[in-house]
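# Architecture and fold: a report
Chain by chain, the residues:
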Amino acid sequence: MKRLLILITILLVTLTAFAVPVAAAAPEGDDPPDNRHELAVRAPRVIGIGENAEITVVDRDTGRPVNRAGVWAVAFRQGGNEPLPIADVASAQEDGISLGWTDHDGKVIHVFEKGGASLLIAFKDGHLPGFAWTYVQSAKQLYIRTPQSAAVGEPVTMGIFERNTGTPVAGAGVWALLADEPTIAPSSRDTVAINTETDDLADTAMKRGIFLGRTNNEGRVTHTFEKAGGYYLVAVKDGYAPGYGKIRIVPTTRQLYIRAPQSAIIGEPVTMGVFEWNTGTPVAGAGVWALLTDGFTVAPDREDLADIAMKRGIFLGRTDEKGLVTHKFEKAGGYYLLAIKDGYAPGFGKITIRPSITPKPIPVPQSSVLEPVTSRPQPLVETVKRMVTRWLPAPDSRPNP
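I will try to describe carefully the structure that is included in this document. No experiment lies behind these values; they were computed from the predicted model shown. (Residues numbered from 1 in each chain as written. Predicted model: local features only at pLDDT ≥ 70, side-chain atom pairs only at ≥ 80, totals over all residues. Heavy atoms only, no water.)

As a further point, take the pattern of salt bridges. According to the stated counting rule, one finds two salt bridges in the structure shown. Close ionic contact of glutamate 38 with arginine 60 constitutes a salt bridge, the shortest N to O distance being 3.5 Å. Here arginine 60 lies in the loop between strand S3 (52–59) and strand S4 (70–75) and glutamate 38 lies in strand S1 (residues 37–42), a separation of 22 residues in the sequence. (Salt bridge = Lys/Arg side-chain N within 4 Å of Asp/Glu carboxyl O. Helix = DSSP H or I, 4+ residues; strand = E, 2+ residues; numbered from the N terminus.)

Here we take up unusual backbone geometry. A positive phi angle is found at arginine 68, which is not glycine, with a value near 60°. On the secondary structure map, arginine 68 appears in the loop between S3 and S4.

Another aspect to go through is the nonpolar core. Within soluble globular proteins, side chains that are nonpolar generally end up buried alongside one another. One finds Val274, Leu316, Phe329, Tyr335, Leu337 and Ile351 to be the most contacted residues of the largest nonpolar core, which totals 20 residues. For this core, the secondary-structure elements that each account for two or more residues are strand S18 (256–259), strand S20 (269–276), strand S21 (287–292), strand S24 (333–340) and strand S25 (347–354). In this structure valine 274 touches Leu256, Tyr257, Thr281, Pro282, Val283, Ala286, Val288, Thr319, Gly323 and Ala339, once residues within four positions along its chain are discounted. Residues Val152, Val156, Ala176 and Ala235 belong to the second largest nonpolar core, which totals 19 residues. (Core = buried A, V, L, I, M, F, W, Y, C linked by side-chain atoms within 4.5 Å. Buried < 20%, exposed > 50% of the residue type's maximum accessible area, 1.4 Å probe, protein only. Contact = heavy atoms within 4.5 Å.)

Before going further, it helps to examine the sheet that holds S20. Spatial ordering of the open sheet is given by S18-S20-S23, a layout of three strands whose pairing is antiparallel. Whereas interior strands pair on both sides, the edge strands pair on one side only; in this sheet they are S18 and strand S23 (324–328). Across the sheet, the mean angle from the axis of one strand to that of its neighbour is 30°, orientation sign disregarded. Bridge count between S18 and S20: four bridges; the pairing is antiparallel. (Pairing = 2+ DSSP bridges. Axes fitted to C-alpha atoms, helices over the stretch in contact; angles between N-to-C directions.)

Quick look at the packing of aromatic side chains now. Summed over all chains, the structure comprises nine aromatic pairs. With a centroid separation of 5.0 Å and 55° between ring planes, the pair formed by tryptophan 175 and phenylalanine 211 is classed as tilted. Remark: phenylalanine 211 occurs in strand S14 (residues 210–214) and tryptophan 175 occurs in strand S13 (residues 173–178); sequence separation between them is 36 residues. By relative accessible area, which is 11% here, tryptophan 175 ends up buried. On the basis of relative accessibility, which here comes to 43%, the residue phenylalanine 211 falls in the partly exposed class. (Phe/Tyr/Trp six-rings, centres within 6.5 Å; stacked < 30°, edge-to-face > 60°.)

Residues of strand S15 (residues 220–224) alternate between two faces, with Val221 and His223 buried on one and Arg220, Thr222 and Thr224 left unburied on the opposite face. Relative to S15, strand S12 (residues 155–162) runs antiparallel, the two sharing five bridges. What sits directly across from glycine 159, in S15, is arginine 220.

Here we have five strands laid out as an open sheet, ordered S11-S17-S16-S13-S14, and mixed in their pairing. Edge positions in the sheet fall to strand S11 (149–151) and S14, since each has one partner strand and no second. For this sheet, the mean angle separating the axes of adjacent strands, direction not counted, is 30°. Sheet topology note: the S13/S14 ladder contains four bridges and is antiparallel. Counted as the bridge partner of alanine 176 is isoleucine 210 from S14.

Its location among the elements puts histidine 223 in strand S15. Note on histidine 223: relative accessible area 19%, which makes it buried. If sequence neighbours within four positions are ignored, histidine 223 has contacts with Glu154, Pro155, Val156, Met158, Ile210 and Leu212.

Shown next as structure tokens:
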């Protein structure tokens with residue numbers, strides 16, 4: 001046993017003797033190794049604007065929470081997402097946003113108000129800094145689902161939904177801003193690339209645009225555009241990032257047509273119907289005019305006819321819920337018919353009103369006047385007997401044997 005202890009002692013002395021020269025032989029000018037512990041930052045890869053973001057700072061080697069560590073966020077810098085050099089730490093503290101100091105659990109809570117990529121940096125005396133990248137985006141992003149195009153005067157229903165879940169968003173305000181370029185590309189579910197800054201667009205639309213209304217419980221709002229052109233659409237609600245879209249409003253494609261009899265007699269009620277050309281649906285509230293064709297050697301253009309009929313023609317009335325209107329014409333002749341309603345192309349027709357014809361009595365010659373019958377008509381049996389007697393041979397007058 002004594003021998004074993006002596007051997008161990010000799011070995012330790014030998015190792016110590018060799019270790020001293022090695023340390024002394026280290027090259028002059030090299031920095032001594034940094035024995036400080038390195039910090040590590042733990043944070044969500046994606047943080048929502050307006051949400052409480054929890055950031056934790058720990059010792060990288062031990063994993064233990066680090067108390068009283070300062071945490072900063074620095075906006076994305078061109079050149080990738082590698083940690084900043086230690087030399088840039090001081091400038092990072094100047095350029096970044098202080099998120100606060102960690103508590104006993106190594107945690108700090110911060111609410112981000114601006115989106116984008118950020119580098120999180122944790123500092124504490126006696127420790128090497130810790131780094132982590134995160135991306136700050138809206139916790140809830142609106143998007144607009146709308147037709148690519150619609151006609152002037154046609155009701156357009158738009159839907160506002162939460163982008164990530166597709167849930168309808170009630171109470172969102174929707175604005176439309178007429179674009180400079182009337183032929184704009186349709187919107188998609190993805191973020192719409194708009195030449196102007198979206199924040200500026202939302203602000204401009206709310207100030208100068210058309211307020212279309214607020215969405216119902218199904219996230220829908222309906223509006224009828226009165227002017228053709230391209231429109232930017234903006235949906236806004238507190239707690240959500242705005243949603244953007246585009247729609248193109250084209251000149252009306254709905255066409256009225258008039259169903260009327262070819263002719264009628266003056267003074268008689270004439271019922272005419274006004275319908276939508278493509279669907280045959282009755283159109284209520286359409287104004288109907290009639291214009292005498294006298295004085296027109298050539299039929300006027302439809303646009304001119306509409307203008308002339310409304311100025312010089314006879315207003316027959318407005319159609320009821322069944323699209324019908326009834327009128328009694330007081331003058332015979334040919335008439336152009338015109339039907340007009342906002343949101344529709346005018347409808348045209350023709351009708352001829354004939355004069356009423358009173359039947360005249362037919363004169364009867366004096367000689368053809370029948371004299372009254374004074375003789376009594378003979379019975380039918382006697383007439384038949386005379387006919388039989390005339391055609392049958394006379395009976396044999398010889399006596400029977």
